[in-house]
Amino acid sequence: MVPIERVGLVVHSGKDVARAAAAEVRKWAAGRGIPCVDIDVWDDGQGHRLNAREEAERAGNPDLIVTVGGDGTFLRGVRVAGPVDALVLGVNVGRVGFLTEVNADDVVRALDAVHRGDIHVDARMTLTMRASHPLEIPHGIEEMLRYGRGPVLPPPHVRPGMKSQVGWGVPLDVLALNDIVVEKLARDRQASLAVYVGGKLFASYSADALIVASSTGSTAYSFAAGGPIVSPHLDALVFTPVAAHMVFNRSVVLDKTQRIGLLVLEHSGDVAVSVDGQLRGVLAPGDWISVYGSQRRSKLARLSEPDFLGRVRDRFGLVDSAAALADGQPPAYAPNEPMPPDLAHPGPNGD
Ligand SMILES: NC(=O)c1ccc[n+]([C@@H]2O[C@H](COP(=O)([O-])OP(=O)(O)OC[C@H]3O[C@@H](n4cnc5c(N)ncnc54)[C@H](O)[C@@H]3O)[C@@H](O)[C@H]2O)c1
Ligand SMILES: Nc1ncnc2c1ncn2[C@@H]1O[C@H](COP(=O)(O)OP(=O)(O)OP(=O)(O)O)[C@@H](O)[C@H]1O
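For clarity, every value in this text was computed on a predicted model and none was experimentally measured. (Residues numbered from 1 in each chain as written. Chains lettered and ligands numbered in written order. Predicted model: local features only at pLDDT ≥ 70, side-chain atom pairs only at ≥ 80, totals over all residues. Heavy atoms only, no water.)

Asker: Honestly, the overall build of the protein chain in this entry has me stumped. Any pointers?
Answerer: Looking only at helices and strands, the protein chain features eight helices and 17 strands. For 351 residues, the compact-globule estimate of 2.2 N^0.38 gives 20 Å, and the protein chain sits close to it at 21 Å. Each principal axis of the C-alpha distribution contributes one length, and for the protein chain these read about 60 × 60 × 35 Å. Counting the 351 residues in the protein chain, one finds 47% classified as buried. Considering only contacts within the protein chain whose residues lie at least 6 apart along the sequence, 70% involve residues at least 24 apart. Counting every atom, the protein chain has about 17700 Å² of accessible surface; 53% of that belongs to carbon and sulfur. Of the charged side chains in the protein chain, 35 are positive and 41 negative, and the gap between their average positions amounts to 3 Å. (Helix = DSSP H or I, 4+ residues; strand = E, 2+ residues; numbered from the N terminus. Rg over C-alpha atoms; globule rule 2.2 N^0.38 Å. Buried < 20%, exposed > 50% of the residue type's maximum accessible area, 1.4 Å probe, protein only. Contact = heavy atoms within 4.5 Å. Areas by Shrake-Rupley, 256 points an atom, 1.4 Å probe, with all protein chains shown as cover. Lys, Arg positive; Asp, Glu negative; His and termini not counted. Charge placed at Lys NZ, Arg CZ, Asp CG, Glu CD.)

Asker: I would appreciate a short explanation of the domain arrangement of the protein chain in the present structure.
Answerer: How large an interface is tends to be reported as the accessible area lost when its parts come together. When the domains of the protein chain are assigned, the result is domain 1 (7-118) and domain 2 (126-295). In this structure, domain 1 and domain 2 have C-alpha centres spaced 27 Å apart. Taken together, the 14 residues of domain 1 in the interface contact 17 residues of domain 2. A salt bridge links R53 to D173; its shortest N-O distance comes to 2.9 Å. (Domains from an automatic or database assignment. Salt bridge = Lys/Arg side-chain N within 4 Å of Asp/Glu carboxyl O.)

Asker: For this particular structure, what's the right way to read a nonpolar patch on the surface?
Answerer: Together, F223, I229 and L309 line one region of the surface with nonpolar side chains, adding up to about 260 Å² of accessible area. Tracing the chain through its elements places F223 in helix 6 (residues 221-224). (Patch = residues over 30% accessible without salt bridge, like charges linked within 9 Å, V, L, I, M, F, W, Y side chains within 5 Å.)

Asker: So what exactly am I meant to see when it comes to the pattern of salt bridges here?
Answerer: A side chain with one charge can pair with a side chain of the opposite charge if their charged atoms come near. Applying the stated criterion across every chain yields a total of 16 salt bridges. With a closest N to O distance of 2.9 Å, D38 and R26 form a salt bridge. Residue D38 is found in strand 2 (residues 36-38), and its partner R26 is found in helix 1 (residues 16-31); the two are separated by twelve residues along the sequence. For D320, the salt bridge goes to R313, with nearest N and O atoms at 3.0 Å. Linked by salt bridges that have partners in common, E101, D122, R124, R302 and R311 make up one network.

Asker: Would you mind showing me how to read the side chain of D179 here?
Answerer: Among the structural elements, D179 can be located in strand 8 (residues 179-184). Of the buried charged residues, D179 lacks a salt bridge, with R280 as the closest side chain of opposite charge at 11 Å.

Asker: I keep staring at the environment of R26 and nothing clicks. Help me out?
Answerer: Look at R26 and you get partly exposed, because its relative accessible area is 34%. On a C-alpha basis, the gap between R26 and T216 in space is 29 Å, while along the polypeptide they are 190 residues apart. When sequence neighbours within four positions are dropped, the list of residues in contact with R26 reads L9, V11, C36 and D38. A polar side-chain atom of R26 sits 2.9 Å from a polar atom in the side chain of D38. (Polar contact = N/O pair within 3.5 Å; in protein donor to acceptor, adjacent residues only side chain to side chain.)

Asker: What is the right way to read the site of ligand 1 from this model?
Answerer: Neighbouring ligand 1 are 17 residues, the closest being D71, N178, D179, T219 and Y221. Contact distances for ligand 1 include 2.6 Å between an oxygen atom and a side-chain N or O atom of D71. In this structure, D179 approaches ligand 1 through a side-chain N or O atom, which is 2.4 Å from an oxygen atom. Within the complex, the protein chains bury 74% of what would otherwise be the 770 Å² of accessible surface of ligand 1. Where the shell around ligand 1 is concerned, the elements lending two or more residues are helix 3 (71-84) and helix 6. With three residues, helix 3 is the largest single contributor of residues to the shell around ligand 1. (Near = heavy atom within 4 Å.)

Asker: What should I look at first to understand the side chain of R130 in this one?
Answerer: Structurally, the position occupied by R130 is in strand 6 (residues 120-131). For the buried R130, no salt bridge is present, and the opposite-charge side chain at shortest range is D173, 11 Å distant. Polar contacts involving the side chain of R130 include one to the side chain of Y292, which spans 3.2 Å.

Asker: Help me understand the sheet that holds strand 13 (residues 252-255), please; the structure alone is not making it clear to me.
Answerer: Backbone hydrogen bonds are what pair the strands of a sheet, in a parallel or an antiparallel way. Strand order in this open sheet of six strands is 13-12-11-8-15-16, and the pairing throughout is antiparallel. This sheet does not close on itself; its edge strands, each paired only once, are strand 13 and strand 16 (278-283). Neighbour-to-neighbour, the strand axes of this sheet turn through a mean angle of 20 degrees, independent of strand direction. By the bridge criterion, five bridges tie strand 8 to strand 11 (residues 209-214) in an arrangement that is antiparallel. What sits directly across from D179, in strand 11, is A213. (Pairing = 2+ DSSP bridges. Axes fitted to C-alpha atoms, helices over the stretch in contact; angles between N-to-C directions.)

Asker: I would appreciate a short explanation of helix 1 in the present structure.
Answerer: Since the α-helix turns once every 3.6 residues, residues separated by three or four places project in the same direction. Taking 1.5 Å as the rise per residue, helix 1 with 16 residues should run 22 Å; its terminal C-alpha atoms sit 23 Å apart, in good agreement. Where helix 1 is concerned, the buried positions are A18, A21, A22, V25, W28 and A29. For helix 1, the angular spread of the buried residues around the axis is 115 degrees, confining them to a single face. Across from the buried face of helix 1, at angles greater than 90 degrees, the exposed residues are D16, K27, A30 and G31. Backbone geometry just downstream of helix 1 places G33 in the positive-phi region, at approximately 70 degrees. (Expected span 1.5 Å × (residues − 1). Arc of directions from axis to C-beta.)

See the structure below:
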């Protein structure tokens, strides 16, 4: 791995502790003659937000994005890193920090490790989408949906160099690490959608929302809606309905090659489309999107081999069964010998 040549910094500037950790990052970069550019994804100084490609270009196409904040800040960094294939290091000063890697007091050690190339690159599958037409956000809607957050992102551009193909949909410049969600816009108008897998009708839903998550996103909104926890070693699409008004309300886990089409039915209310929690468009009856596994991966910098289920246990405060604990603390399971050949698989072995 080559040393870092340019750092882009995405900071949750509403937090003192984040500003202090960001100052450490700038100092570290200055000490090594590495340009470090702040990326304020909330504002371009002219009152509107840029798309990810423009933001990356404005920052001089960094090869490392450091985020200082929580998971929301991390997702904002991942979005900017996507078009330039940059590595993303998440410094956690957030509430959960499921996706982030290091704490603020460890930032210098982490940057040194990244610069030396002494890290694991956790290459996560991402999602992208096509749509029946370029997405739009009708005037006035964004105010209603802002919930006190920064300004709304512009609708996604059509992917550069690609034709708008009507049958397969318009290819949109979207990268989602967690999820693409369609949800009802008005409290009293459910979202009614037909769901297609690989072009074939699977079922029609009337629900508050439908989530298409990656395995990374399986622990986010999909999890809150009752979906399964899926190992990020798997390249999967997880379809989870939210409050579906029907008997069948389970999640469906699909392979990355199985695209999921969502068509808004005639009597549905309008629905919002969010990408990693950010509103990116509004669909009306007759409109459709299709969500599929992207060929692009997000590159997450890890200081040690990721321990996904350990993280689930810690961050979700998993509590053991009281009855089981009455038998005492279970022993650690860590054989000293190398793995026997009949248990090993080619390539990296999962935890
Ligand atoms: N009911 C819900 O849980 C709900 C509702 C809307 C959106 N979301 C999620 O929020 C994500 C955006 O995150 P945000 O921080 O900007 O919004 P947010 O602040 O509303 O985050 C929701 C929570 O999800 C956590 N989170 C985010 N990604 C995660 C992941 N991959 N695994 C485990 N936890 C994760 C965050 O730390 C936060 O606690 C969306 O991608 C969506 O999945 C969750
Ligand atoms: N750079 C910023 N400047 C000002 N306010 C911000 C910034 N980033 C986030 N906020 C505000 O902080 C709140 C929490 O944002 P968000 O959920 O994205 O943070 P986060 O990085 O996930 O951290 P946390 O885990 O604490 O939520 C939101 O109301 C958002 O508007």
